Each structure stands twice: as C-alpha cells, then as structure tokens.
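# Inside the fold
Spelled out from the first residue to the last, the chains are:
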Amino acid sequence: MNMSRARERLVVVGGDAAGMSAASQARRLRGPDELEIVAFERGHFTSYSACGIPYWVGGDVSERDRLIARTPEEHRARDIDLRLRTEVTELDPDGQRVRARDLESGEESWTSYDRLVIATGARPIRPDMPGADAAGVHGVQTLDDGQALLDTLEGTRGRRAVVVGAGYIGVEMAEALIKRGYEVTVVNRGSEPMSTLDPDMGRLVHEAMEGLGITMVNDAEVTKILTGEDGAVRAVVTEDREFPADVVVLGIGVRPETALAKAAGLPLGSHGGLLTDRSMRVRGHEDIWSGGDCVEVLDLVSGQERHVPLGTHANKHGQVIGTNVGGGYATFPGVVGTAVSKVCDLEIARTGLREKDAHRVGLRFEAVTIESTSRAGYYPNASAMTVKMLAEHRTGRLLGVQIVGREGAGKRVDIAAVALTAGMTVEQMTALDLGYAPPFSPVWDPVLVAARKAAAKVRGSV
Ligand SMILES: Cc1cc2nc3c(=O)[nH]c(=O)nc-3n(C[C@H](O)[C@H](O)[C@H](O)COP(=O)(O)OP(=O)(O)OC[C@H]3O[C@@H](n4cnc5c(N)ncnc54)[C@H](O)[C@@H]3O)c2cc1C
C-alpha cells in the first residue's frame, strides 16, 4: 500500500459492465473511509447496456436512457470518484500509477493506485477499405454509436440498408432495420449466418431470415464502400456484386481493447486478451485485476482459453473482482460458451462446442439433430424446433447443443448449459426431471429427445 495515503486507492479503467460492477461491489464491502475509488471512463455514459442497442434502434425500447442501469450521479452518490470523458493513456505497473487525459481540456495527469482494475472492454473491428468511415456507415458498440445510427435513419430518405457481418449483432441489427421499414441485405463472409453455430444449423437461420424478407448473401467479402458526391454511403461492393445502400451497419466482430495493457508489458493470450487467474487477478501482478471483454476466459469444455465478449461474463467478472478487491474471496471458474439471440421471431441458441471446435481439440464425437415442437403438437401455436447435440464418442459426455426455433427455443439451451457445467453424459440427461405441460413442451422435451437420440448413438444402437 502507498504509505503517503491513509486509505487505499482503487483505480478502475473503463466505466461499463465489468469496471463499474467491480467498483460497486468493492464499495459495498469497503466504505469510503477505507477505500477510495477512482473510475476513468472516456465516453459519456456508465453502466449502460450495449446489448439493448438493437432493441432501441428497432423501436422496442423507447429511449436511450432506459439502457442505463446506473448513472454517473448514482455512482458518485456512492462515493465513487467517476471521471467521465477521461481517457487513460498509459499504465505504469512498476510505479503503480496511470496517466489520464481529460478529453475536454486535453490536460494530462498521473493518478497513483494501490489496486488497479482494467475493464477496457473490446474494440469493434473496422474494415480497412475505402469508404469504411463514410457518413452513413455505423458501428453499434456504444450508446453514442446507437444515437448516430438513429440520426442517420431519421435523416435518410432512402430505405436500403446493408448489414456487413452475420454474427449475432448483425442478425439483431437486421431485425432492427426491418422493423424500421428498411429493405435489408446482410453480406456475410462465412458460408452461413451465425458462425457460432455449425453451418447446418446456420442454414436454418439463413432460410428463416429470407422468409422474413431479409436478403442473405453468404461467402461474400466486402471490398469497398462507395460514396456519393455528398460523401455519404451509396453502395457496398463485394468481389463480384454491388449492393445499393442508404445506410450501412458494421457487425464484423470485436477484439479485446488491450493496447495499453500490451504497452505496459502485461500478459496477453493468443486471442489478444489479458490473462488472469481464477480470481481475475492479472497473472504475475498482485495488485492488478481485469475482467469483461478485455480478458480471455477458460472454456470449461475444451480446456482452452478463449475470447468470449459477452455482457453476462463481464458482470460476473466485475462482481468477482469487486469482492476480492473488497477483501472477500470469489473466483470465476470459466465458461461453457452459452449464447442466445434472435432475429424477429426466430430464436437462436448455442452452448459448448461446435463440430469444428471438437475437431480442433481432438475430441471424437457423435452428432445428432432432431426436429420437435415448442408445445404439445395438439396445443395451439406449437412451432417447429431443431436441436443439434454433440456427445463425446464412447463416454457420452455432453459436448454441445445448438437450438433454432421460435417461441421457447432460445432459453431451452440453459438446460444444456447446466448439464455441460455439471459434466453430465447424454444418457444422464435423458432422465432429467424437466417440467411438462402441453402449453410448454411435448411430453418429451426437445432437449430430452435429442439426448435420447445422442445416447442411443453413443451406445451404438442407432
Ligand atoms: C450491439 C451489441 C449487442 C450485445 N448483445 C449482447 C447480449 O445480448 N448478450 C450479452 O451477453 N452480451 C451482449 N453484448 C456484449 C456486451 O455488451 C459486452 O460484453 C459488455 O458490454 C462488456 O462489458 P465490458 O465492461 O467488459 O466492456 P465495455 O462495455 O466495452 O466497456 C468498456 C468501457 O471502457 C471504456 N474505455 C476503454 N478504454 C478506455 C480508456 N483507455 N480510458 C477510459 N475508458 C476506457 C470504454 O469507453 C467503455 O465504456 C452486446 C454488445 C453489443 C455491442
């Protein structure tokens, strides 16, 4: 501890999910007389839900401020010295200090710390091509991005939108734009949308998107974005086609925002994220912690480190860090890779390994796919649901599940997430005591139908 100060100082870099969860939890455990908390955030907002941006843009959420879980004033009322529009420009682990620049005045100064939390999140990938920064081309990473997109949508007369990228953000933004009355084309580098699924399941998403009136273009690399005389976007160009566009949304993924950590010599993994131990302490650094989109996490199924930039993990990381910094004890064991999203009424969910993940880590597996329904077949509004399940060859250990369907499909994946976490076999899953009544599922829930088929395949009886 720095002896020149009577109380310890915690410095947090990044004021969203991971950073402010850590600060809030530390404050819950240690009062202001024991712990001073200084949080730096370069943007205008704190504790906001980027996850809600597609629903705000699409009109399901009426206003931006509904996406803010805790305002700067609320944090300050809890004795957190929050410095907005202040960017940390250098980390000095040896000197236990950070350098920050006030983005309004340009002034720079050093702040010393006893404990540091790095929660700088992720940086969206911007394509390096002509026109990528043209007016009308938008990312959707922050609330400011969402507002800029809404301003463009309100200011353009044309109704043609192109979404570049067909991951979950791309498909959610396709829905948002459809809802706003746009003709939507999604241009995707992969063979099918939602590369977090196997291509056979991605195919179902593709077909459903086309059914919703979205034009899906796969295996297409965007090479440039054309602009008009006014400098605004006019079209998106691939190797062999041109797609007219009045607005373009980029959803081509993110990378950990770890440039400062790298410059400071902190340990990074092969995906560019900070490496931490189970308590979210940066490896080899007693007084530095990190969580959220800027770290790599342990995949409990493959046993390898991965970059999984999801809010669900960022909040848990923040809680763990705040508990440890506040004098308690908590750990983050790792992830099984659960994610859920939707495009209009189509729900898309996955957990665990895809076929290519299992191949990559050298696991032999059996894969089954079943068709079932969301409710008893005779009950009104039963809708089709496809479940794909992977089980390890011979042992029958559950490796992964993907589900595509309509109402009730998405959150069914949580059954599989729990089974994966518990290390269950598909045989054990067949006996799970899941709730049943005709409005909620067939008497054999679709997940159980898939488990039965997978168990039979593992036994060699299929
Ligand atoms: C459109 C969209 C939809 C999403 N939907 C979902 C979903 O449905 N489910 C889900 O689980 N996740 C979803 N996510 C992901 C989720 O939003 C992120 O995983 C989560 O916000 C990560 O939190 P974080 O605190 O690690 O990083 P961030 O939220 O990125 O926050 C990092 C903060 O650090 C600040 N910062 C960075 N560098 C500095 C610096 N040098 N100095 C000062 N401040 C700095 C940034 O301004 C930022 O505010 C979505 C993301 C997007 C963009």
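Reading guide: rules and limits
Residues numbered from 1 in each chain as written. Predicted model: local features only at pLDDT ≥ 70, side-chain atom pairs only at ≥ 80, totals over all residues. Heavy atoms only, no water. Helix = DSSP H or I, 4+ residues; strand = E, 2+ residues; numbered from the N terminus. Buried < 20%, exposed > 50% of the residue type's maximum accessible area, 1.4 Å probe, protein only. Areas by Shrake-Rupley, 256 points an atom, 1.4 Å probe, with all protein chains shown as cover. Lys, Arg positive; Asp, Glu negative; His and termini not counted. Charge placed at Lys NZ, Arg CZ, Asp CG, Glu CD. Near = heavy atom within 4 Å. Polar contact = N/O pair within 3.5 Å; in protein donor to acceptor, adjacent residues only side chain to side chain. Pairing = 2+ DSSP bridges. Domains from an automatic or database assignment. Contact = heavy atoms within 4.5 Å. Buried area = accessible area lost by both parts, 1.4 Å probe. Salt bridge = Lys/Arg side-chain N within 4 Å of Asp/Glu carboxyl O. Nonpolar A, V, L, I, M, F, W, Y, C, P; charged D, E, K, R; others polar.

### Notes on the overall build of the chain
- On a plain count of helices and strands, the chain comes out with twelve helices and 25 strands.
- Structurally, the chain occupies a C-alpha span of about 70 × 60 × 40 Å along its principal axes.
- Across the 462 residues of the chain, 53% fall into the buried class.
- A total accessible area of about 20,200 Å² is found for the chain, and carbon and sulfur atoms account for 48% of it.
- Across the chain, the mean location of the 54 positive side-chain charges is 3 Å away from that of the 64 negative side-chain charges.

### Here we look at the site of the ligand
- Close contacts around the ligand come from 31 residues, with Asp16, Glu41, Asp293, Leu310 and Gly311 the closest.
- Between the ligand and Val88, the relevant distance is 2.9 Å, taken from a nitrogen atom to a main-chain nitrogen or oxygen of the residue.
- A distance of 3.3 Å is found between an oxygen atom of the ligand and a backbone nitrogen or oxygen belonging to Thr312.
- When the ligand is considered free in solution it has 1,000 Å² of accessible area, and contact with the protein chains removes 90% of it.
- Where the shell around the ligand is concerned, the elements lending two or more residues are α1 (17-29), β2 (35-41), β4 (86-92), α5 (168-179) and α8 (311-325).

### Some details on the pairing of strand β25 (residues 398-405)
- Counted residue by residue, β25 has eight buried out of eight residues, so it is predominantly covered.
- In this sheet, β25 lies alongside strand β24 (residues 384-392) in antiparallel orientation, the contact comprising seven bridges. Counted as the bridge partner of Thr386 is Val404 from β25.

### As for the domain arrangement of the chain
- Here the chain is described as being made up of domain 1 (8-123 + 256-325), domain 2 (126-252) and domain 3 (348-461).
- One C-alpha centre belongs to domain 2, the other to domain 3; they are set 32 Å apart.
- Taken together, the contacts link eleven residues of domain 2 with 14 residues of domain 3.
- For the pair domain 2 and domain 3, the summed buried surface comes to about 960 Å²; carbon and sulfur atoms form 62% of the total.
- Per-residue buried area on domain 2 facing domain 3 is highest for Leu197, Asp198 and Met201; these three make up 52% of the total on that side.
- Inspection of the region where domain 2 meets domain 3 yields two salt bridges.
- Linking domain 2 to domain 3 there are six residue pairs in polar contact (both at pLDDT 80 or more).
- If you tally residues by element for the side of domain 2 that touches domain 3, the top one is helix α6 (residues 199-211), at five residues.
- In terms of residue class, the side of domain 2 that touches domain 3 is made up of seven nonpolar, two polar and two charged.

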